[in-house]
Amino acid sequence: MADGEVTGACLCGAVRFRVTLPSLFCGHCHCSMCRRNHGAGFVTWFGVLRTQLSLEPGSAPLERYASSEHGSRSFCGRCGTSLFCENTAHPDRVDIPLANMEGRIDRKPGFHCYFDHGADWVEVDDELPRLGGPTGIEPLRSDG
Ligand SMILES: [Zn+2]
Ligand SMILES: [Zn+2]
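Everything numeric here is computed off the predicted structure, so don't read it as measured data.

Rules of the game
Residues numbered from 1 in each chain as written. Chains lettered and ligands numbered in written order. Predicted model: local features only at pLDDT ≥ 70, side-chain atom pairs only at ≥ 80, totals over all residues. Heavy atoms only, no water. Donors = N, O, S within 2.8 Å, 3.2 Å for Na, K, Ca; no water. Buried < 20%, exposed > 50% of the residue type's maximum accessible area, 1.4 Å probe, protein only. Helix = DSSP H or I, 4+ residues; strand = E, 2+ residues; numbered from the N terminus. Tetrahedral: all angles 85-135°; square planar, octahedral: opposite > 155°, others 65-115°. Pairing = 2+ DSSP bridges. Axes fitted to C-alpha atoms, helices over the stretch in contact; angles between N-to-C directions.

Enquirer: Tell me about the coordination of the zinc ion (ligand 2), and please be specific about residues and values.
Expert: Around the zinc ion (ligand 2), the protein contributes the donor atoms C29 (SG), C31 (SG) and C34 (SG), at 2.1 to 2.3 Å from the metal centre. In the primary structure, the donors to the zinc ion (ligand 2) are separated according to the pattern C-x1-C-x2-C. You can call C34 buried: its relative accessible area is 2%.

Enquirer: An account of the environment of E123 is needed here, citing residue identities and associated values.
Expert: With respect to the helices and strands, E123 occurs in the loop between β10 (112–113) and β11 (131–132). E123 sits in the exposed class, given a relative accessible area of 79%. In this structure the C-alpha to C-alpha distance between E123 and G41, which are 82 residues apart in sequence, comes to 9.4 Å.

Enquirer: Can you lay out the coordination of the zinc ion (ligand 1) for me, pointing to particular residues and giving the numbers?
Expert: Around the zinc ion (ligand 1), the protein supplies C10 (SG), C12 (SG), C76 (SG) and C79 (SG) as donor atoms, at distances of 2.3 to 2.4 Å. Seen from the zinc ion (ligand 1), its 4 donor atoms lie at angles of 107 to 112°, and the figure they make is tetrahedral. Along the chain, the residues donating to the zinc ion (ligand 1) are arranged with the sequence spacing C-x1-C-x63-C-x2-C. Owing to a relative accessible area of 29%, C79 belongs among the partly exposed residues under this scheme.

Enquirer: Before we move on, could you go through the sheet that holds strand β2 (residues 16–20) and cite the residues and values that matter?
Expert: Pairing between the strands of a sheet is mediated by backbone hydrogen bonds and can be parallel or antiparallel. Taken together, 3 strands build an open sheet; the order of strands is β1-β2-β5 and the sheet is antiparallel. Only two strands of the sheet have a single partner each, and these edge strands are β1 (5–9) and β5 (53–55). Taking the axes of each pair of neighbouring strands and ignoring which way they run, one obtains an average angle of 25° across the sheet. Bridge analysis of β1 against β2 gives 5 bridges, and the strand direction is antiparallel.

The following block contains the structure:
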């Protein structure tokens with residue numbers, strides 16, 4: 001594997017992919033769609049340009065679900081692992097769950113988004129910026 005590349009896979013290994021770094025961002029999403037789609041309290045995503053993501057030769061094709069008017073989520077048709085999230089609002093970018101990677105990327109999670117949509121059973125005690133509001137990425141007033 002070349003420098004600055006990291007591989008990822010679904011649970012069963014039918015889908016395998018490769019990402020060329022650098023990433024654009026990395027953060028925890030607390031929106032209800034992520035929560036339900038991944039069966040998790042929140043989902044840690046990182047983003048790259050679409051040109052930096054490629055399926056490995058022999059990888060199974062992705063299944064796709066249109067999760068909103070603008071967004072689609074892809075997954076493995078064999079094991080159901082949630083994979084990439086794409087949005088027509090930023091068509092040159094693809095978001096990838098950090099948990100699906102087999103190695104480290106170039107940064108740590110740097111923020112919480114849709115924080116005000118988060119599950120009340122998730123406790124967050126880090127110092128990362130908490131973003132939310134209508135767009136999910138506006139600074140939230142600290143609750144003092
Ligand atoms: Zn799979
Ligand atoms: Zn989300």
